[in-house]
Every structure is written in structure tokens, then in C-alpha cells.
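This is what each chain is made of:
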Amino acid sequence: MEKEIYLNYAGTSICKPKPMIDALCHYLQKNQWPNHNRSFVPDANAHFIFAGREQVGSFFHVRDASNVVFTANITTSLNMILHGLLQPGSHVVVSRLEHNAVMRPLHLLQEKRGIQVTTLACDWQGRLCGKDLEEILETKPNMLLMTHASNVLGTIQPIREVFQKAREYGVITVLDTAQTAGYLPIHMEADFIDVLAFTGHKGLQALSGIGGFVLRPEIAEIMEPWLTGGTGNFSHDLTQPAVMPEKFESGTLNAVGIFSLSESIKYIEEIGLEQIRVKESALTRRFLDGIGDLPVSVLGCLDERERVPLVSLISEKIPAGDLSFRLYNEYGIMTRSGLHCAPAAHQVAGTFPGGAVRFSFGYDTTEEEIGIAVRALRELTT
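Residues numbered from 1 in each chain as written. Predicted model: local features only at pLDDT ≥ 70, side-chain atom pairs only at ≥ 80, totals over all residues. Heavy atoms only, no water.

*Asks:* Just checking my understanding: could you explain the pattern of salt bridges for this structure?
*Replies:* Between side chains of opposite charge, a pair can form when the charged atoms approach closely. Under the counting rule described, the total for this entry stands at 17 salt bridges. Of the charged contacts in the structure, one is a salt bridge between Glu 304 and Arg 285, with a shortest N-O distance of 2.7 Å. Taken together, the positions of Glu 304 in the loop between β9 (296-298) and β10 (310-315) and Arg 285 in helix α9 (residues 273-290) put the pair 19 residues apart, joining distant regions of the chain. Arg 285 gets classed as partly exposed once you look at its relative accessible area, which sits at 25%. Residues joined in a network through salt bridges with shared partners are Arg 167, Asp 194, Arg 216 and Glu 218. (Salt bridge = Lys/Arg side-chain N within 4 Å of Asp/Glu carboxyl O. Helix = DSSP H or I, 4+ residues; strand = E, 2+ residues; numbered from the N terminus. Buried < 20%, exposed > 50% of the residue type's maximum accessible area, 1.4 Å probe, protein only.)

Structure below.
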């Protein structure tokens, strides 16, 4: 192999924006600030954390940035949301495409709190069945939680239409944006989102270890804190503060991660989401066209306009794990094989338990790299 080719952007972005790296290096070299809210000296970190909160709030069109809560990652966010909003006997509706970051907490809550979980039917391409949705909403569930796009099939869900319908029934809507933030425009108000969970290290191109969630004020009032502890203020009271964002932010915040997230979002906004989407969609189309005549089966729909820039496939000739290994060992192409922590999505696709090989592309992926991946697949599968 001449060089390694990274095609696992759905797992994490590997090429971080140079402007973010430069700003971060300056921050680390010049600004060795004390812990936020926990020192007598001037708290300059407060400025960066406040700026990061405002940046995230603006990006997702949040009215009040104090309702932006920072966590370590989207898995933490989803656990906090589910444990904080679902009470004994609650009824939650999810799609059949959810990640284990959703399904495992729900399984635990089924055992511990007796919550009811209903799964929305999808076709083999990952499209929701509309009639099924209407019938379930009529039962007045407490929550509808959906991934914006499957990390296995890539299918983008019509969340505005679905969440608007849920809002009519008074159902709390929760959106998992792990695969879409930084690729698709997301608007808290226009998309009828009550709670939005995000992670920084994928499409938002920030460092690992930073994520969060955003709530509408009405939801922040009723949601209980799952994690409690020191907030740097209100220390006289053993009760967790009720004010935002301290209600959900206990312990030392990842100021470096927040700073990286703020700077990477600035970079994304300078490029423009539309330009990012057009380029990555074109790369996806080029890959799909290149493998169109190969003896492989592509999961999800074949229209790049209806999917995020990832393509999962299985070969008639080679098991998924072996194919992924050979792609790297012989061609230096890094992919992701297996069940992708989303076994339910593989059940929809008919690839459980063997899994599939996932190719996923980023803004820094080149047409040359797509061509090499296509040629490697041709040589290995034919």
C-alpha cells in the first residue's frame, strides 16, 4: 500500500479543520486558565464556554443558549435524556434503526422502571411506515425518539413531518443527530424538536470527548437530572440547582473540547452546509455508480439525496469482517465492519448477525480515494 485511505467518517472525522487546530494550539499554549467556576482568579474559560454555548445554540437555531448542555458524548446525552424524562410506566416510541446508545438504556429502563417501548416499522431501505406511525401516536405515548439518519443504512428520516405529527399529539420529540449534524441543516423550532442530542467528533469535526444536548425550556423544567454533583455555584444547597445549564452540568466541563467544537462549527459555517452536502453527496454517488455492476448488495436506498454519505454493503463472495480486513491489509483502506452497534438496523436490512462493511466519506475525501476503493472492491469481489 502506498498510503492509508480513511473511509470511516461515520465513526469519527479524522481530518480536523486546520483553523480549529491553529486556534486550539494558541488556546493551549497561551491560555492556561483555571477550572471554570472554581477559582478566585479571573475565569477566562467562562468566556470560551459561553461562546461555545452560543455557537452551538446558533447552529441549531436555539432561542436561549442556556438550554445548550455539554456532555462527554452523545451516548451520555441520550442516557441523561432517557433517564431524566421517562418515569415508571412511560411509553416511548423508537424506529427500528436505533443505535445501542438508545436501545441499551431503554432495555435497562424496561427492566428497572417498567417502561413500554414500541418500535416503528420500516421497510428494508429504512423508510418509516407512515400508517404505523399514526396508529401508534393515537395511543398517546410520552416520547418519540428517532435517529435522523441510520449509521448502517444511511437513510435520512423525514423528521420535520414526523415530529410535527407527534407534536399534535403532545408527544415529546427527541432527535439523535450523530450522523447528520454538520451535514444537514437542523432547526430546533422549524423541525419540531423538543430535545436534540449531538456529538462533536463526527460531522461537526471537533475533538472526541465533547457532545451535548439542547432542550426546549418546557422540557428542561420537567426533565430530572440524571447526573448530580458540583456545579461551582449554589454550593450551600444539597439539591441540584434548577437553573440552566447547571441543572444538567455537574463536574468539570471539557473546556478544550468545547473550544474545539466552537471553532469547528465556525469553520463549517464559513464553508456552508450546502457546499458540504453537495460535495459529500457527489462522492457518495460516484462510489455507488462505481460499484453498481459488482456482486455486492448495498444496504438502504440507492438515491444519494436520501442518505448521508455512507454506504454499507455485503459481498456474495467474502464475509464482511474478512472483506474489511483485506481492504486495509492489501489496499490500506480503513472501513468499519460488523453490526456498527446497531443490530436492529441490520435486522431491518437482513444482515444480522453477520453485519456489513461500511464506507463513509467526509469533506476531505477525494475522488481519487473513491476510485481506489472501487477498484479494490472490484478486485476482491469478482
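*Asks:* What exactly am I supposed to notice about the nonpolar core here?
*Replies:* Across soluble globular proteins, nonpolar side chains have a tendency to be buried as a group. Within the largest apolar cluster, 56 residues are counted, with the highest numbers of intra-cluster contacts made by Phe 60, Phe 70, Leu 144, Phe 198 and Leu 261. Top element by residues in this core is helix α8 (residues 255-271). It accounts for eight residues. Formed by 29 residues, the second largest nonpolar core is a distinct cluster that contains Leu 109, Ala 178, Met 223 and Met 244. (Core = buried A, V, L, I, M, F, W, Y, C linked by side-chain atoms within 4.5 Å.)

*Asks:* Would you mind showing me how to read the sheet that holds strand β13 (residues 356-360) here?
*Replies:* Judged by pairing direction, the sheet is antiparallel, and its four strands sit side by side in the order β9-β10-β13-β12 without closing on themselves. The open sheet has two edge strands with one neighbour each: β9 and β12 (336-338). Neighbour to neighbour, the strand axes of the sheet diverge by 30 degrees on average, direction disregarded. Relative to β13, β10 runs antiparallel, the two sharing four bridges. From the neighbouring strand, Val 311 faces β13, where its bridge partner is Phe 359. With respect to the sheet, α9 is in contact with β9, β10 and β13, its orientation differing from that of β10 by roughly 15 degrees. (Pairing = 2+ DSSP bridges. Axes fitted to C-alpha atoms, helices over the stretch in contact; angles between N-to-C directions. Contact = heavy atoms within 4.5 Å.)

*Asks:* I tried to follow the side chain of Ser 95 on my own but got confused; where do I start?
*Replies:* Inspection of the secondary structure puts Ser 95 in strand β3 (residues 91-95). Side-chain polar atoms of Ser 95 contact the backbone nitrogen of Leu 97, separated by 3.1 Å. There is a polar contact of 2.5 Å between the side chain of Ser 95 and the side chain of Glu 98. With residues up to four places along the chain from it excluded, the contact list for Ser 95 reads Thr 119, Leu 120, Leu 128, Leu 145 and Thr 147. (Polar contact = N/O pair within 3.5 Å; in protein donor to acceptor, adjacent residues only side chain to side chain.)

*Asks:* I would appreciate a short explanation of the sheet that holds strand β7 (residues 195-199) in the present structure.
*Replies:* Note: strands within a sheet are paired through backbone hydrogen bonds, in either parallel or antiparallel orientation. With mixed pairing, seven strands are arranged side by side in an open sheet as β2-β8-β7-β6-β5-β3-β4. Lying at the two open borders of the sheet, with one neighbouring strand each, are β2 (68-71) and β4 (116-120). The mean inter-strand angle of the sheet, taken between neighbouring strand axes irrespective of direction, is 20 degrees. Against the sheet, helix α4 (residues 100-113) contacts β3, β4 and β5 (143-147), and its axis sits at roughly 155 degrees relative to β3.

In short, shape yes, function no, at least from these values alone.
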